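Here are the chains, one letter per residue:
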Amino acid sequence: MKILLVEDEPELQKSIRDYLAPEGNIVEVASDFIVAGQKIALYDYDCVLVDITLPKGSGLDLIRQIKDRRSKAGIIVISAKDSLDDRIYGLDLGADDYLPKPFHLPELNARIKALMRRKLFDGNNEISFNEIRILPHERRVMVHDSSIFLTAKEYDLLLYFIANKNRVISKGALAEHIWGDHADALNNFDFIYNHVKNLRKKLLEKHCEDYLHTVYGLGYNFKTPE
């Protein structure tokens, strides 16, 4: 997942990022309202973790910005302001969950995963797409009940394609999803072609239907058979 963490406490920010990143997540951070607003305007995220009390503004206004952009990002409020009014207000604005500080990192991680399952895969612990079956907790993929070895990037791409099936996805969007902020520094997106080519080859070797199609000049489409 691509996660934006909006948190001004350096130690908590580092703890959350260090906990979530090893699971394959891209965790970008913003320490104040202005930087967070800039990132929300420029990039798409799967999940935004937002504190209410921020330097230079309010996390509640960030939630409004996310909703005004019609973003599909899941929103979890993480805040020491745990009064009932704050909680209700944040949820009324469009937040999906509210976790008061202090909290345990495994609980935050579990809530993020549960939120993504609800938003992207109807709450299922397993993700099935025809002959493809994915077990997210194990980061394991099977085709026709036979395990397939994918690199971390190939796994992330497959999950992203299935979550966005039948939609044309640009190379820029794929690069941003895989590399986050670092995508802006890339001279070209040739590495995307190699990752997609390898993913497609491995799926076909397991006698998977050929779902991955290049849309010339635009990007890729993970397309179901008509």
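Computed from a predicted structure; not experimentally measured. (Residues numbered from 1 in each chain as written. Predicted model: local features only at pLDDT ≥ 70, side-chain atom pairs only at ≥ 80, totals over all residues. Heavy atoms only, no water.)

A. Up close: the environment of Lys119. Summarising the element assignment, Lys119 is placed in helix α5 (residues 105–121). Relative accessible area serves as the criterion here: at 36%, Lys119 is assigned to the partly exposed category. Spatially, the C-alpha atoms of Lys119 and Ala163 are 9.6 Å apart, while their sequence positions differ by 44 residues. Those residues in contact with Lys119, other than ones at most four positions away along the chain, are Lys72, Ala73, Gly74 and Asp96. (Helix = DSSP H or I, 4+ residues; strand = E, 2+ residues; numbered from the N terminus. Buried < 20%, exposed > 50% of the residue type's maximum accessible area, 1.4 Å probe, protein only. Contact = heavy atoms within 4.5 Å.)

B. Region of interest: the sheet that holds strand β10 (residues 140–143). A sheet is described by the order of its strands in space; here four strands give the open sequence β8-β9-β10-β11, paired in antiparallel fashion. In this open sheet, the two edge strands, each paired with only one partner strand, are β8 (127–129) and β11 (146–148). Between one strand axis and the next, the sheet turns through 25° on average, direction left out of account. Bridge count for β8 against strand β9 (residues 132–135) is three bridges, and the pairing is antiparallel. (Pairing = 2+ DSSP bridges. Axes fitted to C-alpha atoms, helices over the stretch in contact; angles between N-to-C directions.)

C. Looking closely at the packing of helix α6 (residues 152–163) against helix α8 (residues 190–205). Viewed as axis vectors pointing N to C, α6 and α8 meet at an angle of 80°, and their least axial separation amounts to 10 Å. Looking at the two axes, α6 sits roughly perpendicular to α8. Contacts between α6 and α8 involve Lys153, Glu154, Leu157, Leu158 and Phe161 from the first element and His195, Val196, Asn198, Leu199, Lys202 and Leu203 from the second. A per-class count over the contact of α6 with α8 returns six nonpolar, two polar and three charged. (Parallel < 35°, antiparallel > 145°, perpendicular 65-115°, else oblique. Nonpolar A, V, L, I, M, F, W, Y, C, P; charged D, E, K, R; others polar.)

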